[in-house]
Amino acid sequence: MSATLESRTALWLLGLFSIGVYIFQFAPIAVVMLLSFNASRSGAFPMEGVSLQWYDKLFANDSILEAFQTSILLALGCSLLATILGVMAAIALVRYQFKGKNGISTLISMPLLIPEVVLGVALLMFLKLIGVYRSFGMLLLGHTVLALPFVVLVVQARLVGLRQNFEEAALSLGANRLQTFREVTLPLISPAILGGFLFAVAISFDNITATLFWKKPGIETVPTKIFAMLRTSISPEINALGTVMIILTILLPLIGGYVVRRFSRGR
Amino acid sequence: MLSPALISLALFLVAPIIFVIIYSFWLRTAEGLDVPAFQFGNWIAVATDYYYWLGLYSTFKMSLITTAACAVVGYPTAYFLARIRFSNKALLLFLLFLPFWVSYIIRTMAWISVLGKTGAVNTVLLWIGIIDEPLAMLYNDFSVIMGLVYFLVPYMIINIYVSLDGIDRNLEASARTLGCSPWQTFREVTLPLSLPGLGAGCMLCFVLAAGSYVTPRLLGGPDTLFFPDLIYEAIISQLDWPTGSVLSVILLLSLGLLVAVYNRFMSLSDIYRSFAR
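Residues numbered from 1 in each chain as written. Chains lettered and ligands numbered in written order. Predicted model: local features only at pLDDT ≥ 70, side-chain atom pairs only at ≥ 80, totals over all residues.

**Focus: the overall build of chain B**
Phase 1: Each helix and strand counted, chain B has 13 helices and two strands in total.
Phase 2: Each principal axis of the C-alpha distribution contributes one length, and for chain B these read about 75 × 60 × 35 Å.
Phase 3: Residues counted as buried form 45% of the 277 residues belonging to chain B.
Phase 4: Excluding contacts between residues fewer than 6 apart, the proportion of contacts in chain B whose partners are at least 24 apart in sequence is 71%. (Helix = DSSP H or I, 4+ residues; strand = E, 2+ residues; numbered from the N terminus. Buried ≥ 20, exposed ≤ 12 C-beta atoms within 10 Å, placed from the backbone. Contact = placed C-beta atoms within 7 Å.)

See the structure below:
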């Protein structure tokens, strides 16, 4: 009898439902990739044969390549900053006891819950007060703030799972704090640091809402470029660009995950 | 160790937000200059404008529908993921988050090709012969909610999943032994124990939905009214910073109030935990 909720039928139904949800998550992406090979000029259905012409057009489009350059530079720059700040903060939060820790944790996680529009407006207005206008520098600062919580959370999670014995052993064997950090803690958390860095790269590369507030008119990152292109019309070129982005952004975490796993297994 | 991060956050996060609040009381002179002042003109102008109230109402209504849809879609999926005995469960979770890594703008844009007049859904339905005319599914509130649910549902699933996964299975077994029906067991044991995850997921979905600008902008129609869009219009298009800062403070306060109420009953750390996974 065993008519538990986990009986076969119920689990089957739930399974079917879940497959539906997975299809729901993947189908729109598949549609974009499919349409990017459409020979038709409209960028929509029906498919009128397979063609790579939109990719040719894409790679000949200087403004898109420029946007890629801006995006990559920005992502690397802000991720470097966020990683340095974030790793230090995570170590302090996990390894030291002090007052107001909860408050500080909340503060660091704040960018996750404050609407991006408000963050966008706030930094824009505040920096104008001290004479900084919409620019690459503003984007760099802003993206660093946006990416920081992710780095802290990732590194923090790793540190919490790391027993302090190794560090204590190093200290008792005569290493000073700096040596202990450099030779014991840092190698142990390096996969998490790399993970946090890649997370930050992804956050920055993907960001659009706040970027729209901070970027100088005329300078585009890849997402704002797509946003601007969409306002005129859906050209098949955008589908090709979308496909390139899909492949890049799926590859990045795959490689990141692989590297992190390789590293942590090696230890 | 902590100070570089704290100083950066103080300078580029806390101070700017405080400044927005201060700016909302500044005075815009007849020449269009904003001068420091403490007056309620901007606030009164916004509060007496029906349009902004309508915007707030419409944003909250659509965010609520989105959140409810995410919960309805997300709970069964999370339950399945938590209960299935499958050797490669990590792979299933990974797959769920794969689209999550794809650029937000691309995932939003994709819905134009899915729901449009010549989009995937209409093409298929016309081909099968269920409809004779393409359905108008794009550029209205429906497509906005679709786009929001699409990008928010993984947040919901992961939060519920974490919660369900942490439930001691013996509790359910005991309830069954003590004579509960499967449905009763679910309703009286599993569901209440997973409420923190559901709550965290709902709050996150609501806050992210109500704060989104790009989805309503790309998928919405002429009648779609979304608060973040009003802020963008005021700040970037009309350069009306006093009004824009009032609107920003309103959005921040209303969502902040929600987060505070939530935090009063449940813990915010639940949410951060799911981010770290």
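**Overview of the overall build of chain A**
Phase 1: The secondary structure content of chain A amounts to eleven helices and zero strands.
Phase 2: The C-alpha radius of gyration of chain A comes to 23 Å, more than 25% above the 18 Å expected for a compact globule of 267 residues.
Phase 3: Overall, chain A is about 75 × 70 × 35 Å in size when its C-alpha atoms are taken along their principal axes.
Phase 4: Going through the 267 residues of chain A one by one, you find that 45% of them count as buried.
Phase 5: A sequence separation of at least 24 residues applies to 78% of the contacts in chain A between residues at least 6 apart. (Rg over C-alpha atoms; globule rule 2.2 N^0.38 Å.)

**Quick notes on the interface of chain B and chain A**
Phase 1: Contacts between the two partners involve 73 residues from chain B and, on the opposite side, 71 residues from chain A.
Phase 2: The biggest single contributor to the side of chain B that touches chain A is helix α1 (residues 3-23) of chain B, with 13 residues.
Phase 3: Grouping the amino acids of the side of chain B that touches chain A by side-chain chemistry returns 57 nonpolar, 13 polar and three charged. (Nonpolar A, V, L, I, M, F, W, Y, C, P; charged D, E, K, R; others polar.)

**A closer look at helix α5 (residues 116-129) of chain A**
Phase 1: Helix length check: α5(A) (14 residues) gives 20 Å between terminal C-alpha atoms against 20 Å at 1.5 Å per residue, within 8%.
Phase 2: Counting buried residues along α5(A), twelve of its 14 residues qualify, which places the element largely inside the surrounding structure.
Phase 3: Restricting attention to buried positions, one finds in α5(A) the residues E116(A), V117(A), V118(A), L119(A), G120(A), V121(A), A122(A), L123(A), L124(A), M125(A), F126(A) and L127(A).
Phase 4: Looking at the buried positions of α5(A), the neighbouring elements they touch are α4 (101-113), α6 (136-160) and α9 (209-214) of chain A together with α1, α11 (227-237) and α12 (241-265) of chain B.
Phase 5: Where α5(A) ends, the next residue or the one after it, G131(A), has phi of about 85°, a positive value. (Expected span 1.5 Å × (residues − 1).)

**Quick notes on helix α7 (residues 141-165) of chain B**
Residues and elements named next belong to chain B.
Phase 1: Here α7 is 25 residues long and its end C-alpha atoms lie 35 Å apart, about the 36 Å a rise of 1.5 Å per residue gives.
Phase 2: Along α7, the sharpest kink reaches roughly 40°, centred on L152 and followed within four residues by the proline P154.
Phase 3: For α7, a buried count of 22 out of 25 residues is recorded, marking the element as mostly surrounded by other parts of the structure. (Bend = angle between axes of the 7 residues up to and from the residue.)

**Some words on unusual backbone geometry**
Residues and elements named next belong to chain B.
Phase 1: Phi angles above zero are rare outside glycine, and Y139 is one such case at about 60°.
Phase 2: Structurally, Y139 is set in the loop between α6 (120-128) and α7.
Phase 3: When the 19 C-beta atoms within 10 Å are taken as the criterion, Y139 is described as partly exposed.
Phase 4: The phi dihedral of L239 falls on the positive side, at around 50°, and the residue is not glycine.
Phase 5: Mapped onto the fold, L239 is located in the loop between α11 and α12.
Phase 6: Overall, the presence of 10 C-beta atoms within 10 Å leaves L239 in the exposed class.

**Here we look at the nonpolar core**
Phase 1: Residues V121(A), V151(A), A200(A), L152(B), C205(B) and I231(B) are the most contacted members of the largest nonpolar core, which totals 153 residues.
Phase 2: Here the element with the most residues in this core is α7(B); it accounts for 17 residues.
Phase 3: Discounting residues that sit within four places of it in the chain, I231(B) has contacts with V117(A), V121(A), G244(B), L247(B), S248(B) and L251(B). (Core = buried A, V, L, I, M, F, W, Y, C linked by C-beta atoms within 7 Å.)

**Observations concerning the confidence of the model for chain A**
Phase 1: The share of residues in chain A with pLDDT of 70 or more is 93%, and the mean pLDDT across the chain is 85.
Phase 2: Summarising per-element confidence for chain A, the mean pLDDT is lowest in helix α11 (residues 236-266) of chain A (76) and highest in α9(A) (94). (pLDDT = per-residue confidence, 0-100.)

**Section: the confidence of the model for chain B**
Phase 1: Summarising the model, chain B shows a mean pLDDT of 87, and 96% of its residues fall at 70 or more.
Phase 2: Among the scores for the predicted complex, ipTM is 0.87 and pTM is 0.88.

**What about the environment of A90(A)?**
All names here are of chain A.
Phase 1: With respect to the element layout, A90 can be found in helix α3 (residues 62-95).
Phase 2: The exposure class assigned to A90 is buried, which follows from the 28 C-beta atoms found within 10 Å.
Phase 3: Between the C-alpha atom of A90 and that of R158, which follows or precedes it by 68 residues, the distance is 9.6 Å.
Phase 4: For A90, the contacting residues outside a window of four places in its chain are V152, V155, Q156 and L159.

**With respect to the environment of S204(A)**
All names here are of chain A.
Phase 1: Among the structural elements, S204 can be located in helix α8 (residues 177-206).
Phase 2: Note: C-alpha distance between S204 and R231 (27 residues apart in sequence) is 22 Å.
Phase 3: Apart from residues no more than four positions distant in its own chain, S204 is found in contact with L74, A75, C78, S79, H143 and A147.

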